[in-house]
Structure formats: structure tokens, C-alpha cells
Amino acid sequence: MDSAAHPLKLLLQLQLATDSLAASQLPYVISSLNYDCFLPSPHIVKWTTRLHSLLHSKDPGGRWAGLCLTYQTSQYSKTIMVDYAQGWLSVALPLLSKNEPIPVLKAAVRLLCTVFNSAMDVAEFQRQVSIPNVPKMTIAVVALIEKHANLRFRVFLLTALSHIVSLYPSLHKTSYNALSSLSLRYLNGDPRCPTSTDLLDAASRLYATLHTTGGKIGGAALWRKSVEETISFGWNAFFALRTTFPVEARLSGTAQHGSTGVDPSVSVPLNLDRLRCCAVVLRELLSATTHRPVQLPLGALVKLTLALLTCSNEAQIEGHVDPNVRIMEVMATPALWELGCDLLTTLATCAHRHLTPNIVRLVSCLVVLLEQQPNPSLQLAYLRTLRTLLIHCYPVGSDFTINRLTKAVLSILAIILPKAPEVPKAKNSANAGKKGKKRVRNFEGEEVLNGKKDTICKTYEEGQILLIALEVLPYILRNPSLSAPLQSMSIRVLVAVYLFLPRLTRASLSPDPAFYDHLFRSVRHIIADIGTGTSSALSTCLGLIISTPGSGANDFQRHLELLLHPRVPPLIRSLLQVQSLTLLQSEESEEEANIRNALGLRNHEESSQLIREDMEVDSTNAKQRESSQQSSSILETAISNPPQFAYATQIIPEPRAQAMSIQTFVGRTSAQAQGNNTIETSETERPISRNERYIAPLPKQVQEIDDEEMPSIDMESDTDDSDS
């Protein structure tokens, strides 16, 4: 490379001429560096000399620029780093003990980590440079963590410390207690606010690497001890959150109950945050690297997970219970369910097939929680956990559990399909007066003209629920324990969704325009997988197979292989063949029809029939109310104008609606009004039949028109039998 055009020479002459200019022009300098700049040339010596002068600059900006350029040089040239690392460390390491700005301290720690990590294969460099300086760096970083309260800086230092401990575990054996206390300080929970996620991850990662300081023999024992202590810590936090709930005897003996008499506004958030820290620490410990095989306490972990998933708000201990404590513990129960899902996801990811003996109980707990129609965040957590379980474990062996899970997933996917038209409720004409008696006109299909259409997935979580439900469904369909009617119903729902999605607009499905493509691609991929039943069935799905290359290269090649070479052995799978699907309502069995009705899935004819029946019932009820109002008005008239001597009949047309109870009202004579004996007619001695007319007394004006004479009554004939 020509020395006149060498990039290092230009940078030294222009951008790095002064310390202040080097700090202001640092982004341009870093973007100009590459591997070719550090090839052997006479400008390397000038470059390293300039870096050394920047490291000793009195300006903090100059020191920061020198540390950053030294870090970039170590990244591009290992040879230069090995030759000059001793001098760089002699400047960067003392900076950690000085009162420097945070950017300078970050650059110094980053440079030290790079130097100690890049020359692991150079034994002489390790002996002379790394081994003497690594413990010094650890002590300085721990002091910085305790000194500075900046959250991001603490996270950065904890991450760097865990990286150094994993690289040089034997050098930190004497610092095990100090590092353990440091990490546990940030894993003990915070009653004021939940511990920061970044700080929690960094501290738990450091705690999960400390077992490597025990070596190959003692490392396994330290790891097992850390796991057991973390589980015990989680039990203590769990029992402190369930003080007002009866705990089973088998669980109450595993840990001591939390202290009583503590303010619930402090204890409940504190123990909930501790339980969250326990779940994160267990995740890091179970995913940590060990030098030798270790024994996983799977029984204790599953026991804690089931305790979190099966807790409810129904039971209560006997005796006096503080209502404030009770309310706060009840409000913490959904958080316990979510933490149980996180812990179960960790177990399924790390234990894999070893979790299969407990899969039925775990899936049953998740299905019960999913059937309670929780809020979208909890529903999303349950589905993600189910997806992880079905991926990493063997199929569920219980037909009852897998059938319940299928119904729960289908009920989630059914929201995409159009709903049955709602029957408008008839107005209460009894309270609306004469204007309320106007006939309500209902028209079929008027929901099509309704311009107000709600969005199916209003939030991001609701959209993710549909996508993950589609990811869970293929694993359910491959389960041999799934009943044939539910298999057929699942495929019918998928086909219905696949045919209905093109009729939806992107805005009616989700506010995110890209969500429609993701959903349609997922449904199309499952439909294509179902269509690969036989070679003849696959040939009829050629257009569908060709339109799904983006779903996965391996699946696309497998489908094409079946099309090009139809003589391959038959597929061994549990899915129904396309020819055996009951896509028509006339072909479905009674059990499948019951499942479809339970899911609320009806066709247009059934919906129309239900609408007509509901409209007829509403019309009948309206007519009953009208006839009741008319009868009550007549009765009020009769009571206000009672007859004096005679009775007559008034014929009222019988209503067309269902027959209602009819009572016979008998008036009283003027003699009865004066205290005489009552006169009863023979009609009151027998029940009124359904088709009988309504009888009521008439006013006096109508009685004068009647020419018929009333028969005389002999009052003396009423004698007792004792007189005769």
C-alpha cells in the first residue's frame, strides 16, 4: 500500500492532531478503520505511539478516545495487541480506581475484557499478563459496582464480571463468597418496585457462573447446592404470599411460613419479586454449562411449578383474616400463574424428554387455566408454555386431556370466523306506552349493511395469541390420542378460516397491516401439510403446495418429492386423510355436531332458523303483553263502576298467543255492600277452560237495556241441616 495514501497517516495528521479533536472526530476515525489498516507498515509505530499519548492525556475526552481506539486496534490486529497489551493494561487498570467519568470507565473495562479474552491460546501471554492482572480487575470492578448507583453501568459491570469469571474460574476461587454476596444482593427482591429486568438477568447470570470456580469435581456439588438453595428460597416466597390460603400438608413441610405481622403493602410486593428472581435464577442455572454430568432435581422443580399453577382464590383459612392481606394476596395470584408458566418453559427447554412422565398433569393445569378465559397477557403465556411442552416432550398420552386442549385451541381460532347474527331484543311495550307497541321489523342479512365492524385483534397480544394457537394445533393433530371427531372438526375449522380470510380486510383483522400475511401464511402451511395424505390427494393440492414455498424450504422440498416420486412408501402419521373429512353438514356425526355447537360454530341455515325462532318468540311475548294491558284496562273499568243488581257478559276476542290464566271476577250487589251475604254464581265453582271466553261485569247503563228479568231469590230457603 502506498505510504502517501495510507489511511493511518491521514488520520494521524488530520483527525488525531490534538486530544480534543480526537474526541470529537472519534466516530469518523472508528468508521475508517479496517483490517487492511493494520497490515505491517511503518505507520504502525506512529499509531501505537499516538495511542499511548492519548491514554496519558490530561483531558478525560482524550483518555476516552485513546481507550476506544486501543479497543478497536485489539479487535483488528491480535499481533499488535499482544505486543503492546502490557503497556495498555498499566494505564487502563489504574483508571478503575480513580474518580473517572463513566464513559472512561466503560471503555477501560471493555479494553481489559478484550485483552484477557483475545490471547487465551498464547501461554506466555497468559502467564505474564493475564494471570497477574485478572484478580486485580475483579476487585476493582466489584468496588465500582458498590460505588456507582447508575443502573446501566451496574448491568455493564456485572456482565463483564460474569464473562471474566467464566474465562478464568480458577483465579476466582478465593473470591467465591464475595461474588456470591454481590450477586445475591440484587436477587433478594425490592418492595418498592420490581427489580429491573436487565439488572436481574445480569446478576443471575453471574450467580449461575460461580459454580465453575469449584473446578471439575467441586463444580457439580456447587451447582446442585445453588439449585437447592434457590428452590428453597422460592418456596419461602410462595408461602409468604399464601398466608390466608390453606396449604396442603405435603407442601407445608417443605418450607417455613413467612413471618407474620408484616405490613402487606411491603411483604406481598417483596415476596412476589423474590419469586420472580427465583424463576430467573433457575433459568440461568438450568442453562449453565457444567464440566461433568449433574443430577437434575426434577421432582422438586415440578412440585414447585405445580404449586404455582394450581393456586386459586377460592379457599380461605379458618379464623380471623386481615382483609387487606387477603385482597393483596388474591391480586397476586395471576402473577403466580405467569411465573409458573415461565418456570415450566425453562423446565421443558432444559429437561426435554425427562419431563414426559409429568406432562399430563402439567398440560391439564394449563388447559384448566386456559378455559377460564383469562386476559390476553395470561392467555399468551399459557399458549407459549403449551407450545414449548409439545415441542420438547413426547405426545400427551391422555385422550381426555388432549381433547380438552383441542377444544380450547379451537375456541380461540373460532373468533376469526364470522359470528352468527344477533337477534335484536324486543322493546318492553308495557313500559313504553302506545308508542312502544310499534312492531319491530327484523331483516335477515342486515348485519352486512352495518358499517361498524370491530377489529378482531385489537392489540399485539391478541394477534400473537392467534399465531401461537396455529403453531400449537399441528402438534395436537399429530397426537394419536386425539378423537376422530375432534380431528375432523379441527381440520374443518382450519379450512373455514382459510376460505374466509380472503374476504377480510387487513384493517378488520388487525391494526398491523403485516399481521394478515403472517396469519394467512400460517394457515396455508397447515392446510398444505394436511393435504399431503396420499399422492392422489396431494396432486389435487398442487396450486396450494406451489403457493407455500415461503413457509419452509424443507417442507416445500418434501411436498415436491411426494409429487415427483409418488411411489414412495405411504406416510405413517395419525392425521385424517383428506378423503375421510366430513366437510358437509349432512355427513357429520352426532358427536361432531355436538362439538361444533359447543364451540358456537353454526352454518347460515342454522343461524337463520334460530333467528326466526327468536323473532317468533319475541312477537308472541309482545302480543301477550298487549292482551294483558287490554285485560287490565277492562278490569280497572269494572272495578271503578261496580254493578248494582245484574250481570252480563262481554265477549273479548281470544289472543293468538299462548293461553294465559284467566280469572273470573264476580261483582257484588248493593245488598252485599251493606253487609249482607255474598251471592256466588256457578261459574266460580269450576275452572275456566282454555277456549272459554272472558267474563266480566258490565256497567249500569248496559244493564238497563237488557229486558230479561232477574229470577227472584228466596232468602229464607237457606237453612241449616240442623234445623231440618
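Residues numbered from 1 in each chain as written. Predicted model: local features only at pLDDT ≥ 70, side-chain atom pairs only at ≥ 80, totals over all residues. Heavy atoms only, no water.

1. Let's talk about the overall build of the protein chain
And then number 1: Helix and strand content of the protein chain: 32 helices and zero strands.
And then number 2: Of all 724 residues assigned to the protein chain, the portion counted as buried reaches 41%.
And then number 3: A separation of at least 24 residues holds for 75% of the contacts in the protein chain among residues at least 6 apart in sequence. (Helix = DSSP H or I, 4+ residues; strand = E, 2+ residues; numbered from the N terminus. Buried < 20%, exposed > 50% of the residue type's maximum accessible area, 1.4 Å probe, protein only. Contact = heavy atoms within 4.5 Å.)

2. Digging into the side chain of D273
And then number 1: Note on placement: D273 falls in helix α14 (residues 264–286).
And then number 2: A polar side-chain atom of D273 sits 3.1 Å from a polar atom in the side chain of R276. (Polar contact = N/O pair within 3.5 Å; in protein donor to acceptor, adjacent residues only side chain to side chain.)

3. Looking at the packing of aromatic side chains
And then number 1: One pass over the structure, following the stated rule, counts nine aromatic pairs.
And then number 2: With 6.2 Å between their ring centres and 75° between their planes, F38 and W47 make a pair best called edge-to-face. An identical accessibility class is assigned to F38 and W47; each is buried.
And then number 3: Taken together, the ring pairs connect Y35, F38, W47 and Y76 into an aromatic cluster.
And then number 4: Above the ring of F156, the side-chain terminus of K106 is found at 5.8 Å from the ring centroid.
And then number 5: The lysine or arginine in question, R353, covers the ring of Y394, its NZ or CZ lying 5.0 Å from the ring centre. (Phe/Tyr/Trp six-rings, centres within 6.5 Å; stacked < 30°, edge-to-face > 60°. Lys NZ or Arg CZ within 6 Å of the ring centre and 35° of its normal.)

4. Structural notes on the pattern of salt bridges
And then number 1: The tally for this structure, following the rule as stated, stands at 13 salt bridges.
And then number 2: The partner of R63 in a salt bridge is E100, and the shortest N-O contact between them spans 3.0 Å. Taken together, the residues R63 in helix α5 (residues 60–76) and E100 in the loop between α6 (78–95) and α7 (102–118) connect sequence positions 37 residues apart.
And then number 3: One salt bridge connects R387 with E471, and the closest N-O pair in it is separated by 2.8 Å. Remark: E471 occurs in helix α22 (residues 460–477) and R387 occurs in helix α19 (residues 376–392); sequence separation between them is 84 residues.
And then number 4: For R387, a relative accessible area of 23% corresponds to the partly exposed category.
And then number 5: Judged by relative accessible area, E471 falls into the partly exposed class, the value being 37%.
And then number 6: Each of D201, R283 and E284 takes part in one network of salt bridges that share partners. (Salt bridge = Lys/Arg side-chain N within 4 Å of Asp/Glu carboxyl O.)

5. Remarks on the state of the cysteines
And then number 1: Counted according to the given criterion, the structure contains zero disulfides.
And then number 2: With no disulfide partner, C278 has as its closest neighbouring cysteine sulfur the one in C277, 8.8 Å distant.
And then number 3: Given a relative accessible area of 3%, C278 falls into the buried group. (Disulfide = S-S within 2.5 Å.)

6. With respect to the nonpolar core
And then number 1: If you look at the biggest cluster of nonpolar residues, it comprises 171 residues, and the most contacted ones within it are W47, L355, L389 and L501.
And then number 2: The contacts of W47, once residues within four sequence positions are left out, are L8, L11, L12, L16, V29, L33, F38, L69 and T73. (Core = buried A, V, L, I, M, F, W, Y, C linked by side-chain atoms within 4.5 Å.)

7. Here's the deal with helix α20 (residues 399–413)
And then number 1: The end-to-end C-alpha distance of α20 is 21 Å, a good match for the 21 Å that 15 residues give at a rise of 1.5 Å each.
And then number 2: Every buried residue belonging to α20 is among T401, I402, N403, L405, T406, A408, V409, L410, I412 and L413, and all of these are buried. (Expected span 1.5 Å × (residues − 1).)

8. Remarks on helix α23 (residues 484–500)
And then number 1: If you check α23, its first and last C-alpha atoms are 24 Å apart, about what 17 residues at 1.5 Å a residue would give, namely 24 Å.
And then number 2: Within α23 the residues assigned to the buried category are P485, L486, Q487, S488, M489, S490, I491, R492, V493, L494, V497 and F500.
And then number 3: Lining the buried residues of α23 we find α20, α22, α25 (515–530) and α29 (590–598).

9. Describing the packing of α23 against α29
And then number 1: Where α23 meets α29, the axes come as close as 9 Å, and the angle between the chain directions of the two elements is 50°. Judged by the inter-axis angle, α23 sits oblique to α29. In the packing of α23 onto α29, the handedness of the crossing is right-handed. On α29, the residues that touch P485, L486, S488, M489 and R492 of α23 are E591, E592, I595 and R596.
And then number 2: Residue composition of the contact of α23 with α29, by class: four nonpolar, one polar and four charged. (Axes fitted to C-alpha atoms, helices over the stretch in contact; angles between N-to-C directions. Parallel < 35°, antiparallel > 145°, perpendicular 65-115°, else oblique. Left-handed = near helix turned anticlockwise from the far one by under 90°. Nonpolar A, V, L, I, M, F, W, Y, C, P; charged D, E, K, R; others polar.)

10. Quick notes on unusual backbone geometry
And then number 1: The backbone of H352 shows a phi angle near 55°, a positive value even though the residue is not glycine.
And then number 2: Here H352 lies in the loop between α17 (333–351) and α18 (359–371).
And then number 3: Look at Q373: it is not a glycine, yet its phi comes out positive at around 50°.
And then number 4: Summarising the element assignment, Q373 is placed in the loop between α18 and α19.
And then number 5: We classify Q373 as exposed; its relative accessible area is 70%.

11. With respect to the confidence of the model for the protein chain
And then number 1: Per-residue confidence for the protein chain gives a mean pLDDT of 78; residues scoring 70 or more make up 67%.
And then number 2: Overall, residues 253–259 carries pLDDT values under 50, and its contacts beyond four positions in sequence, including any with other chains, amount to 12 contacts. (pLDDT = per-residue confidence, 0-100.)

12. Focus on the environment of V82
And then number 1: Here V82 shows up in helix α6.
And then number 2: Distance from V82 to V122, taken between C-alpha atoms, is 9.0 Å for residues 40 residues apart in sequence.

13. Remarks on the side chain of T195
And then number 1: By the secondary structure assignment, T195 is in the loop between α10 (176–185) and α11 (197–209).
And then number 2: The buried category is assigned to T195, whose relative accessible area is 9%.
And then number 3: With residues up to four places along the chain from it excluded, the contact list for T195 reads Y186, G189, D190, L200, D273, R276 and C277.

14. Examining the environment of V280
And then number 1: By secondary structure assignment, the location of V280 is in helix α14.
And then number 2: Through-space distance from the C-alpha of V280 to that of T346 is 9.2 Å; in sequence the pair is 66 residues apart.
And then number 3: Among all residues touching V280, those that are not within four sequence positions of it are L200, D201 and S204.

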